[in-house]
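Single-letter residue listing:
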Amino acid sequence: MARGEGAEPHAATLLPIEPLNTEIKTAKPKDQRNRLTAWNKLCYGIGGAPYQITGSALGFFLQIYLLDVAQLDPFHASIILFVGRAWDAVTDPTVGFLVSRSRWTGIGRMMPWILCSTPFAVLTYFLIWYVPPFEQGKVVWYLVFYCLFQSMQTVSMSRGHLVPPLVPVCVRRWPDCVRSLHALQCFHVPYSALTMFISHDQKERDSATAYRMMVEVLGTVLGTAIQGQIVGGATNCPTEPGDVDGGNSTNTSTVSLDETKQAYLIASGAICIIYVLCAVVLFLGVKEQKESGRPKTVLTFSQGLWLVLSYGPYIRLVIGFLFTSLAFMLLEGNFALFITYALGHRKDFQNILLVIMLSGALTIPWWQWFLTRFGKKKAVYFGISWAVPFMVLIVAIKSNLIVSYVVSLAAGVSVAAAFLLPWSMLPDVVDDFKVRNPDVNGHEALFYSFYVFFIKFASGVSLGVSTLSLKFAGYVTGSCSQPEAVSLTLKVLVSPVPIFLIAVGLLILKTYPIDEGRRQSNRKLLQERLDSESETSALGSEV
């Protein structure tokens, strides 16, 4: 079912070619040959869930896990978080470049990367949440398996997004000498790049992206729920903020550190099972459409790099979303610690995180309607800036559980916009590039992989610096309470700094040149080009 089309040498059209009635079949439905069923879109969306499920679990819980469960020094934790993300970022362009040169197979170009990487990704993810029975070498353990997992994820999504990834991100692999290691990265980049290969119609791609974003946000909800609800009650600290005697009070609920470690393993095992099931659904329900019959230009890595980085609309889009993404990454990476130590809601932090992600999931369809009705640039300005007043409110008022839930509910609306919009706008840049460079073909993956590179590298910097700042503030590993300086640092990391980054990002996006008129014009030109190529291919096969 999920086999790629066009494995045969002559299959340059999306419709079967028969000797009789060729004209009727090729003229038949222009719309139908690019149309995706709701089932196709849903299966495509489900394929993006593993990246978001694991991403939300790592994003919300890895920092607090390394500090309070594995009990690493904040300096060592910052190294793991930075190097892991930086490693992941560097591999993206390399993998993207190599994948763009991979050949079409019986199941497509992207699907082999996804299928081969899944077992390795599952194994390494599980080992991230295992506390080894030795002290010396713990840092190396987490660094190695975190880097390996990030590598495996890169190729498949997304995200991406896309993702892809949300995210269209094409498959790219490491050099041959480390090809086996990089198979781990094969899931997210190829998956994200599928956006450009599931249909040639922009409307269908946008619709599929909306399905993907909806499922991916639900994936973050699921990841947050599984990880949070299983490990949320497993703490060896008092559940009341006033009790800071290390858990010796008879009026508070505590568990041993070993039970907490066991809870993290159970949560990771459940997520691994879901990861495999989603990969199977993606394979069974999604069919890649082969690129047009036009020959693909062959570029060196440096040529591909220049091709991407010299294209103005792409650079403006990437830099703008780089700043806004950094804002939400800082919020995500530090929010669990902020709720626990700055607000004092230790027993409720997992539920507050869950409210954010549920709110985001439920508002994705509304944002899809908004960008269709008012345009993508207006959706960016309104959606991302919506979070700003609530970032101010959460640190400006005295800690109150009800207010925390209300702020989290409202902030989730912006989280949905931050998920959907980058991956909805990246295909527009690729289409714009195709219109202006008709002789350069087959390099869509480069745009997505470099976008993911910038986002992940910046994410590594933000996580590393924020964790390191906690060390300078006097964070005490394994303690049930923290100095006031730590609380102040966490407030800065979840409010003033993200607000500044959002402001800079929106100012840059103001200069993004692809408006609705230009986007519709590009869509029309590319559809005419596709129709012309299909007709030419059909006539050639008839002869």
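No experiment lies behind these values; they were computed from the predicted model shown.

Counting its secondary structure elements, the protein contains 20 helices and zero strands. Counting every position in the protein, which comprises 543 residues, the buried fraction comes to 59%. Accessible surface, the protein as shown: approximately 21,100 Å² in total, 66% of it carbon and sulfur.

Moving on, we get to unusual backbone geometry. In this structure, Gln-71 takes a positive phi of about 55° despite not being glycine. For Gln-71, the position within the fold is in the loop between helix 3 (49-68) and helix 4 (74-100). Classification of Gln-71 as partly exposed rests on a relative accessible area of 38%.

What follows deals with the packing of aromatic side chains. Summed over the entire model, instances satisfying the criterion amount to 25 aromatic pairs. A ring pair is formed by Tyr-311 and Phe-433, whose centres lie 5.2 Å apart and whose planes are at 90°; its orientation type is edge-to-face. Note that Tyr-311 is positioned in the loop between helix 11 (301-309) and helix 12 (312-342) and Phe-433 in helix 16 (residues 401-436), a separation of 122 residues in sequence. Note on accessibility: Tyr-311 and Phe-433 belong to one class, buried. Joined through ring pairs, the aromatic side chains of Trp-366, Trp-367, Trp-369, Phe-370, Phe-374, Phe-382, Trp-386 and Phe-390 make up one cluster.

Another point: helix 16. In this model helix 16 runs 54 Å from its N-terminal to its C-terminal C-alpha over 36 residues, within 8% of the 52 Å that 1.5 Å per residue would give. Here helix 16 lies mainly inside the structure; 27 of its 36 residues are buried. Where helix 16 starts, the residue carrying a side-chain oxygen 3.0 Å from the main-chain nitrogen of Ile-402 turns out to be Asn-400.

Now for the packing of helix 12 against helix 16. Where helix 12 meets helix 16, the axes come as close as 11 Å, and the angle between the chain directions of the two elements is 155°. In terms of axis orientation, helix 12 runs roughly antiparallel to helix 16. Remark: the crossing between helix 12 and helix 16 carries left-handed chirality. Counting all contacts with helix 12, which are made through Pro-313, Tyr-314, Leu-317, Phe-321, Phe-328 and Phe-335, the residues of helix 16 involved are Ser-408, Ser-414, Val-415, Ala-418, Leu-421, Pro-422, Met-425, Leu-426, Val-429 and Asp-432.

Position of Ser-495 relative to the elements: it lies in the loop between helix 18 (484-494) and helix 19 (496-509). Owing to a relative accessible area of 3%, Ser-495 belongs among the buried residues under this scheme. Here the side chain of Ser-495 touches Met-391 through a polar contact of 2.9 Å, landing on its backbone oxygen. Excluding its chain neighbours within four sequence positions, the residues that come into contact with Ser-495 are Met-391, Val-392 and Val-395.

On to the packing of helix 12 against helix 18. Running from N to C, helix 12 and helix 18 cross one another at 145°; their axes reach a closest spacing of 9 Å. The interaxial crossing formed by helix 12 with helix 18 has left-handed handedness. Between helix 12, through Leu-330, Leu-331, Asn-334, Phe-335, Leu-337, Phe-338, Tyr-341 and Ala-342, and helix 18, the contact on the second element is made entirely by Ser-487, Leu-490, Lys-491, Leu-493 and Val-494. Per-class residue counts for the contact of helix 12 with helix 18 are ten nonpolar, two polar and one charged.

Here we come to the confidence of the model for the protein. Detailed conclusions should not be drawn from predicted coordinates in areas where pLDDT is low. With 72% of its residues at a pLDDT of 70 or more, the protein shows a mean pLDDT of 76. Across the protein, element-level confidence peaks in helix 19 with a mean pLDDT of 94 and bottoms out in helix 7 (residues 179-182) with 30. The low-confidence segment residues 239-253, where pLDDT is below 50, has 20 contacts with residues more than four positions distant or belonging to other chains.

Time to look at the UniProt feature "transmembrane region" (unreviewed entry) in the protein. UniProt feature "transmembrane region" (unreviewed entry): in the numbering of this structure it lies at residues 110-131, 263-286, 317-343, 349-367, 379-397, 403-424, 445-468 and 488-509. Here residues 110-131 is 82% helix and 0% strand, with 34 Å between the C-alpha atoms at its ends. Split by type, residues 349-367 is 100% helix and 0% strand. Its first and last C-alpha atoms lie 27 Å apart.

With the rule as written, the count across this model stands at six salt bridges. Lys-138 is paired through a salt bridge with Glu-135; the nearest N and O atoms lie 3.3 Å apart. Residue classification places Lys-138 among the buried residues on the basis of a relative accessible area of 6%. A salt bridge links Arg-518 to Asp-432; its shortest N-O distance comes to 2.7 Å.

On the surface, Trp-366, Trp-369, Phe-374, Phe-382 and Trp-386 cluster together into a nonpolar patch covering about 510 Å² of accessible area. If you tally residues by element for the nonpolar patch, the top one is helix 13 (residues 349-374), at three residues. Looking at the element boundaries, Phe-374 is found in helix 13. Here Phe-374 falls in the partly exposed class, since its relative accessible area comes to 36%.

Okay, the environment of Ile-502 next. Looking at the secondary structure, you find Ile-502 in helix 19. With relative accessibility at 1%, the residue Ile-502 sits in the buried group. Taking the C-alpha atoms as reference points, Ile-502 and Thr-324, separated by 178 residues in sequence, lie 4.7 Å from one another. Ignoring sequence-local partners within four residues, the contact set of Ile-502 consists of Thr-324, Ala-327, Phe-328, Ile-384, Val-388 and Met-391.

Looking now at helix 5 (residues 111-128). Working note: α-helix, 3.6 residues per turn, so residues spaced by three or four point in the same direction. An ideal rise of 1.5 Å per residue puts 26 Å on 18 residues; helix 5 measures up with 26 Å between its terminal C-alpha atoms. Remark: the principal bend of helix 5, roughly 35°, maps to Thr-118, with a proline, Pro-119, within the next four residues.

The next subject is the environment of Phe-472. In this fold, Phe-472 is placed in helix 17 (residues 444-472). Taking C-alpha positions, Phe-472 is 9.5 Å from Thr-489, a pair spaced 17 residues apart along the chain.

As a further point, take the environment of Asn-400. Structurally, Asn-400 can be placed in the loop between helix 15 (388-396) and helix 16. Residues Asn-400 and Gly-344, spaced 56 residues apart in sequence, show a C-alpha to C-alpha distance of 9.2 Å. Within the local environment of Asn-400, its side chain forms a polar contact with the backbone nitrogen of Ile-402, the two atoms lying 3.0 Å apart.

Rules behind the numbers
- Residues numbered from 1 in each chain as written.
- Predicted model: local features only at pLDDT ≥ 70, side-chain atom pairs only at ≥ 80, totals over all residues.
- Heavy atoms only, no water.
- Helix = DSSP H or I, 4+ residues; strand = E, 2+ residues; numbered from the N terminus.
- Buried < 20%, exposed > 50% of the residue type's maximum accessible area, 1.4 Å probe, protein only.
- Areas by Shrake-Rupley, 256 points an atom, 1.4 Å probe, with all protein chains shown as cover.
- Phe/Tyr/Trp six-rings, centres within 6.5 Å; stacked < 30°, edge-to-face > 60°.
- Expected span 1.5 Å × (residues − 1).
- Polar contact = N/O pair within 3.5 Å; in protein donor to acceptor, adjacent residues only side chain to side chain.
- Axes fitted to C-alpha atoms, helices over the stretch in contact; angles between N-to-C directions.
- Parallel < 35°, antiparallel > 145°, perpendicular 65-115°, else oblique.
- Left-handed = near helix turned anticlockwise from the far one by under 90°.
- Contact = heavy atoms within 4.5 Å.
- Nonpolar A, V, L, I, M, F, W, Y, C, P; charged D, E, K, R; others polar.
- pLDDT = per-residue confidence, 0-100.
- UniProt positions renumbered as here; feature names shortened; annotations may be inferred.
- Salt bridge = Lys/Arg side-chain N within 4 Å of Asp/Glu carboxyl O.
- Patch = residues over 30% accessible without salt bridge, like charges linked within 9 Å, V, L, I, M, F, W, Y side chains within 5 Å.
- Bend = angle between axes of the 7 residues up to and from the residue.

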